[in-house]
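Structural overview
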Amino acid sequence: MAQTRMHRRLLTGTAALAAATALVAAPSAAAVAAVPTFEETAEYVFDDGSRTGSATDTAADTAVFTRTQGASVEVVTLDASGAPIGEQTLTAPVAGGGYGVDVALNEDASLLYVAQPQFSQIHVYHRPDGSWELQRTLTAPSELPDRVDAYGSEVGSVIDVSGQRLVVGVPNARVDGRANAGFAFAVDLTTDTWQPLIPADPIADSITGAHVAVAGDRVALGAPQVRGADRARIGGVYLWDLSSDAEPAFTAGPDADPRMCIPTAGSGPAFGSTLAFTDAGLAVGSPIEIHFTGDDPNDPETGCTDQAVAAGNTTQGAIYLFDDQLQQIGPKAVAPLQTTDFAGSIGVSGDALVARGWQEGNVGYAFVYDLSTWDQAGPGDENGRIRPDPVQTLSPASGTPNFGISPFGTAVSVSATQVVVGTWQIPGAAHIFGAPAVAAPLSLSTEDVAVTYGQTATLAAQVASGDAPDGAAVRFSVAGDEIGVAPIVAGVARVELPAASHEAALHPFTAEPVDDDGNALGAAASGTLTVEQAATETRAARDDSGDRALRGSVTAEFGTVPTGAVEMIRGGERLATVQLDAAGAFSWEPPASDADETYTLAYAGDRNHLASEAQVAVAADPAPAPPGSPGEPPAPSPPASDPPRGSDLASTGSEGAGPWLGLAAGAALVGGLLLTARLRGLRGGRSRA
């Protein structure tokens, strides 16, 4: 009997919604003309089916949906494009009992859970050899948990799984003497322990657990029939963090929108009738709240009327985003124009959110949204709303009514590679679509880079996965400092660092994908830029200009200028330390010596340059001439009376007296012997001759 009451409550709202939707006369194409519409890759309709598609789920290469409610479930294997390549029908181990009212796949589609709520059972299937087999059956504790007076007949009307935790809704349970207060079990699949999730102050007739969602330690329970202060149903949501013993957070349906009509009959706005965890928090559907644009809700053109919906001034349904404390994130998202019952079923995978809605003639659509484009920071319009543009619209080829409808909000399921939408009717249908047209977050890969100081360095980021939209680029940062943004060309972005822009050291760098406005498109990849010290050469020599100085320089292999000093060493004794000038040059006059000497000129290196040294041989200084010994005197001139002889004139090659020839002294030029050293590595030396 409790099951019948719950169905009546949910169907009351749905029936009221269908009546309102039937009045929408505007052409649906006007609302979706600018958005690409895609038909299914496969549609499943069975002659013997009853409410085929009333529950769906999908993960990895698998889609599953109810085939005949109470009797069978269909499991479809898909190829990489989402096209079916195999089917298998699973039948109830025991006939009846609501077999297949809800289904759930684990993340890698290795396990399938099928609810049979009237028997308080969840059947677990696996596929050890590619064919699905019943592995075991989980049965709710026969002994009622503390504070629970009765289960009703609905243990598992909705289920969800994450990792080793299965959540089982019991929405019509009597708790603390309060009828239809509802609760849920969190089942530890490693121990088969059933933990009841009951708030301290359960709410009568709230049907808590009418929808459930789980992600890790987070468990959300929808309570779509919570009443407000005026006794109208406004709905609510509980959120548990099972890593702590704290009471769950709770929020009732928000009512701050001044231009929102909340039905006072039936199920109210049905806030909390559908839930899905996102990467940032929780998405909650509120499919029956009505949004108008005028000042008077009774105005036929802009109020809460079918005429206003047809005119594109009023819509029905909204999606709210909440954080882990159930604080609302940003404004609520309302439906495309001329749409009703928006978000009666929703599914989320990554940034892809799919929500169904009705348009003309009760034709259903599934609207695909990119959550990364939603304004989740601003206040929205004056009513606290945004109307995001869908990136894709999914439509059944047959135009089947009730597309995407389920009394439990589980008719839409999404994975990275496919979308499955059920049609809740008799006989019903299930529709499989390809991947949602939301660009997957870009994933980058990088490689470490090593250069020598003075070389240019090129940092590169390769798109590892995801689609790069037009204008996509990569923002590079080294040690936290942005150094450039490079476009993605043929899947790669590159930025060149100027020579000597980073000192010799290990520098972490990041590469983050961004759009043309600088907004992140995915997670950053990281790498290491290694800049090694440059090898150097030390040169020196004495020139022949007459002074005694050794002149030299220290140069680096890629043209940078070393800094620091050169030590002058003779026989192990350090004679002087000479600083390099701005050009890396130096000059030093060695002490006078009457013997040949060999000097070591040692450059110690700096942060960016390795040490090097040179051996220079210097010849002894020439001995000075003795005092008073200027050299040989000139020969005396012949007597004036003696006539010159022809032979004398020929030998001189000149007329008249020739001068005495003097002796010339030569100077020795000492050249330096060039030796170079190159030390390898950042911490050790490198040498080369």
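Each remark here, short or long, concerns the structure printed above.
Quick notes on the state of the cysteines
In this structure the tally under the stated criterion is 1 disulfide. Between the sulfur atoms of Cys 261 and its disulfide partner Cys 304 the distance amounts to 1.8 Å. Measuring handedness by torsion sign, the sulfur bridge of Cys 261 and Cys 304 sits at about 80° and is right-handed. Within this pair, whereas Cys 261 is found in strand β21 (residues 260-261), its partner Cys 304 is found in the loop between β23 (282-291) and α3 (306-310), the two being separated by 43 residues in sequence. According to the relative accessible area criterion, Cys 261 is buried, its value standing at 18%. In this structure Cys 304 comes out as partly exposed when scored by relative accessible area, which is 24%.

Observations regarding the environment of Val 75
Looking at the secondary structure, you find Val 75 in strand β5 (residues 72-78). For Val 75, a relative accessible area of 2% gives the class buried. Sequence spacing of Val 75 and Thr 89 is 14 residues, and the spatial spacing of their C-alpha atoms is 6.3 Å.

Section: the packing of aromatic side chains
For the structure shown, the criterion picks out 17 aromatic pairs. Ring centres 6.2 Å apart and planes at 75° place the aromatic pair Phe 403 and Phe 433 in the edge-to-face group. Linking Phe 403 in the loop between β30 (392-395) and β31 (412-414) with Phe 433 in strand β33 (residues 429-433), this pair joins segments that are 30 residues apart in sequence. Both residues of the pair, Phe 403 and Phe 433, count as buried. Taken together, the ring pairs connect Phe 342, Tyr 365, Phe 367, Tyr 369 and Trp 374 into an aromatic cluster. Over the ring of Trp 424 we find Arg 51, and its NZ or CZ is 4.4 Å from the ring centre.

Brief notes about the pattern of salt bridges
Here the structure, examined in full by the defined rule, presents 17 salt bridges. Note that Arg 127 and Asp 61 form a salt bridge whose closest N and O atoms lie 3.0 Å from each other. In this pair, Arg 127 is assigned in the loop between β9 (121-126) and β10 (133-139) and Asp 61 in the loop between β3 (56-59) and β4 (62-68), connecting sequence segments 66 residues apart. Between Asp 257 and Arg 385 there is a salt bridge; the shortest N-O distance is 2.7 Å. With Asp 257 in the loop between β20 (249-252) and β21 and Arg 385 in strand β29 (residues 385-386), this pair connects stretches of sequence that are 128 residues apart. Taken individually, Asp 257 and Arg 385 each receive the classification buried, so the pair is uniform in this respect. Shared partners join several salt bridges into a network, and the residues in it are Asp 257, Glu 289, Lys 332 and Arg 385.

Section: the sheet that holds β5
As summarised here, the arrangement of the 4 strands in space is β3-β4-β5-β6, forming an open sheet in which the pairing is antiparallel. The sheet is open, and its two borders are formed by β3 and β6 (84-91), each paired with just one other strand. Averaged over all pairs of adjacent strands, the angle between strand axes in this sheet comes to 20°, irrespective of strand direction. Inspection of the sheet shows β3 paired to β4 by 4 bridges, in the antiparallel sense. Among the inter-strand pairings, Ala 59 is bridged to a residue of β4, identified as Thr 62.

With respect to the nonpolar core
Among the nonpolar cores identified, the biggest contains 26 residues, and Leu 444, Leu 459, Val 474, Phe 476, Ile 488 and Leu 529 are the most heavily contacted of them. Among the elements of the structure, β35 (449-452), β36 (457-465), β37 (473-478), β39 (492-497), β40 (505-514) and β41 (525-532) are those that each provide at least two residues to this core. Among the nonpolar cores identified, the runner-up in size contains 25 residues, and Val 148, Ile 159, Val 168 and Phe 183 belong to it.

Here we look at the environment of Thr 555
Examined against the element boundaries, Thr 555 turns out to sit in strand β43 (residues 550-556). In this structure Thr 555 comes out as partly exposed when scored by relative accessible area, which is 30%. Separated by 54 residues in the primary sequence, Thr 555 and His 609 place their C-alpha atoms 9.5 Å from one another. Residues contacting Thr 555, with those up to four places away along its chain left out, are Ala 535, Thr 536, Glu 537, Arg 539 and Pro 562. Polar side-chain contacts of Thr 555 include one of 3.3 Å to the side chain of Arg 539.

Thresholds, definitions, all that
Counting of residues starts from 1 at the beginning of each chain's written sequence and follows it residue by residue. Local features in this predicted model are restricted to residues whose pLDDT is 70 or higher, and side-chain atom pairs enter the listing and the counts only when it is 80 or higher, whereas totals over whole chains, interfaces and linings include all residues. Side-chain metrics in this entry use all non-hydrogen atoms of the structure; hydrogen atoms and water are not considered. Put simply, a disulfide is two cysteine sulfurs that come within 2.5 Å. The secondary structure listing takes helices from DSSP runs of H or I that are at least 4 residues long and strands from runs of E that are at least 2 residues long, numbered from the N terminus. Relative accessibility under 20% of the residue-type maximum defines a buried residue, over 50% an exposed one, and the middle range a partly exposed one, all with a 1.4 Å probe and only protein chains included. Working definition: a ring pair exists when centres of Phe, Tyr or Trp rings (six-membered ring for Trp) sit within 6.5 Å. Plane angles under 30 degrees give stacked, over 60 give edge-to-face, the rest tilted. Our definition puts a charge over a ring when NZ of Lys or CZ of Arg is within 6 Å of the ring centre and also within 35 degrees of the ring normal. Any Lys or Arg side-chain nitrogen found within 4 Å of a carboxyl oxygen on Asp or Glu counts as a salt bridge. One bridge is not enough; two strands pair if DSSP finds at least two bridges between them. An axis is simply a line fitted to the C-alpha atoms; with a helix, the fit covers only the stretch in contact. Between two such axes, the angle follows the N-to-C directions and lies from 0 to 180 degrees. Buried Ala, Val, Leu, Ile, Met, Phe, Trp, Tyr and Cys residues form a nonpolar core when they are joined through side-chain atoms within 4.5 Å. The contact definition used throughout considers only heavy atoms, calling two residues in contact when any of these lie within 4.5 Å. Polar contact is defined as a pair of N or O atoms within 3.5 Å, subject to the rule that within protein one atom must be able to donate a hydrogen and the other to accept it, and that residues adjacent in sequence are counted only when both atoms are side-chain atoms.

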